Amino acid sequence: QKLRRSETIVGTYPLSLKIMCGVCGTAFGRRASKKGRVSWVCRKHDDRAADCPVGRIPETELYAAFVRMYNKLKAHRDILLTPALDQLTALEDTLQRGNPAMLAINKAIADISEQSHKVSILQARGLLDADACTAKLRDINAKLTELRRERRQLLKNEDIEDVIDAVKKIASVLCDGPETLLDFDEALFTELVEKIIAETNTRIRFQLYGGVTLTEELRVDRR
């Protein structure tokens with residue numbers, strides 16, 4: 001597979017710090033042979049093969065696996081992502097409904113958001129000058145920021161909003177991405193993949209932002 005974006009920074013590559021060994025947990029390192037063949041290998045295995053069974057994986061196989069994973073995800077995104085989003089949103093709603101303080105904060109956020117809307121209407125009608133409008137909106141945004149911070153602290157699972165946002169971003173990236181990916185795309189890889197777990201030399205697991213994981217078998221017979 002060929003790269004769409006050239007690797008212009010020496011020593012920095014699309015897969016750098018992305019691949020972890022699924023057996024020993026060690027990060028993978030990049031290796032290039034004298035013939036120019038590039039592979040990634042568990043550093044513990046590279047130091048002493050007896051310490052970990054997960055050896056070298058050709059870079060081309062990893063790139064090709066990403067292309068296959070993307071195309072499957074693109075084709076079945078509604079099946080893979082929609083249930084995850086529904087479950088996360090339902091969990092967030094349950095946590096909020098059972099917390100009176102959370103309900104109060106949500107009401108305050110709604111009230112202040114309505115204030116922001118009214119200020120914008122007054123400005124549009126010429127009833128509020130630009131400086132006054134800017135000052136009021138600045139105060140409103142400061143209050144919203146503080147209320148949202150308090151809401152996050154009240155959530156039993158403080159990461160849930162981040163996870164929901166991450167899954168929504170994945171869905172957005174897929175929506176905007178090509179219908180069929182033919183070659184490895186570094187930009188898409190960076191936006192979608194948090195890390196790769198190398199379970200064996202022939203099986204890897206892509207962990208996407210938001211926690212969605214997809215496994216790909218490497219086509220070793222094509223090396």
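Residues numbered from 1 in each chain as written. Predicted model: local features only at pLDDT ≥ 70, side-chain atom pairs only at ≥ 80, totals over all residues. Heavy atoms only, no water.

A. Highlighting the side chain of Lys74. With respect to the helices, strands and loops of the structure, Lys74 is situated in helix H2 (residues 59-75). Residue classification places Lys74 among the buried residues on the basis of a relative accessible area of 2%. Polar side-chain contacts of Lys74 include one of 3.0 Å to the backbone oxygen of Gly177. (Helix = DSSP H or I, 4+ residues; strand = E, 2+ residues; numbered from the N terminus. Buried < 20%, exposed > 50% of the residue type's maximum accessible area, 1.4 Å probe, protein only. Polar contact = N/O pair within 3.5 Å; in protein donor to acceptor, adjacent residues only side chain to side chain.)

B. The arrangement of the pairing of strand E6 (residues 203-208) in detail. Bridging between strand E5 (residues 193-198) and E6 involves 5 bridges; their strand directions are antiparallel. Paired with Ile196 across the strands is Phe206, a residue of E6. Taking the residues that link successive antiparallel strands as the turn, the E5-E6 hairpin has 4 residues. When E6 meets strand E7 (residues 213-217), the two strands line up antiparallel, connected through 5 bridges. Within E7, the residue paired with Arg205 across the bridge is Thr215. (Pairing = 2+ DSSP bridges.)

C. Expanded view of the pattern of salt bridges. Scanning the entire structure with this criterion turns up 10 salt bridges. For Glu179, the salt bridge is made with Lys74, and the minimal N-O distance between the two is 3.7 Å. Separated by 105 residues along the polypeptide, Glu179 in the loop between helix H6 (160-176) and helix H7 (186-192) and Lys74 in helix H2 bring together distant segments of the chain. For Glu179, a relative accessible area of 60% translates into the label exposed. Put simply, Arg205 and Glu199 hold a salt bridge, and the shortest N to O gap is 2.8 Å. Overall, the relative accessible area of 25% leaves Arg205 in the partly exposed class. Classification of Glu199 by relative accessible area gives partly exposed; the value is 23%. (Salt bridge = Lys/Arg side-chain N within 4 Å of Asp/Glu carboxyl O.)

D. Structural context of the sheet that holds strand E4 (residues 57-58). On the basis of which strands lie adjacent, the open sheet formed by 3 strands has the order E2-E3-E4 and antiparallel pairing. Edge strands, defined here as strands with exactly one partner in the open sheet, are strand E2 (28-32) and E4. Judged from the 2 bridges that link them, strand E3 (residues 38-42) and E4 form a sheet pairing that is antiparallel. For Ser39, the partnering residue across the bridge sits in E4 and is Pro58.

E. The arrangement of the nonpolar core in detail. Formed by 39 residues in total, the largest nonpolar core has its most connected members in Phe28, Phe66, Val193, Ile204, Phe206 and Leu208. Looking at this core, the elements with two or more residues in it are strand E1 (19-21), E3, H2, helix H3 (77-97), H6, H7, E5 and E6. The residues touching Ile204, leaving out its near neighbours within four places in the chain, are Ile57, Leu62, Ala65, Ile196, Ile197, Ala198, Glu199, Leu214, Thr215, Glu216 and Leu218. Counting 9 residues, the second-largest nonpolar core is a separate cluster that includes Ile105, Ile112, Cys133 and Leu147. (Core = buried A, V, L, I, M, F, W, Y, C linked by side-chain atoms within 4.5 Å. Contact = heavy atoms within 4.5 Å.)

F. Structural detail: the packing of aromatic side chains. Applying the stated criterion across every chain yields a total of 5 aromatic pairs. The interplanar angle of 80° and the centroid separation of 5.3 Å between the aromatic rings of Phe66 and Phe189 together place this pair among those described as edge-to-face. Separated by 123 residues along the polypeptide, Phe66 in helix H2 and Phe189 in helix H7 bring together distant segments of the chain. Chaining the aromatic ring pairs together yields one cluster made of Tyr63, Phe66, Phe184, Phe189 and Phe206. When the ring centre of Tyr13 is taken as origin, the NZ or CZ atom of Arg30, which lies over that ring, is 3.7 Å away. (Phe/Tyr/Trp six-rings, centres within 6.5 Å; stacked < 30°, edge-to-face > 60°. Lys NZ or Arg CZ within 6 Å of the ring centre and 35° of its normal.)

G. Geometry of the pairing of E3. In terms of residue burial, E3 counts as a mostly covered element, since 5 of its 5 residues are buried. Going residue by residue along E3, you find Val38, Trp40 and Cys42 tucked away on one face and Ser39 and Val41 tucked away on the opposite face as well. With 5 bridges connecting them, E2 and E3 associate as antiparallel partners. The residue bridging Gly29 from the neighbouring strand is Val41, located in E3. If you look at the hairpin formed by E2 and E3, you'll find 5 residues sitting between the two strands, and Gly36 has a positive phi there, around 90°.

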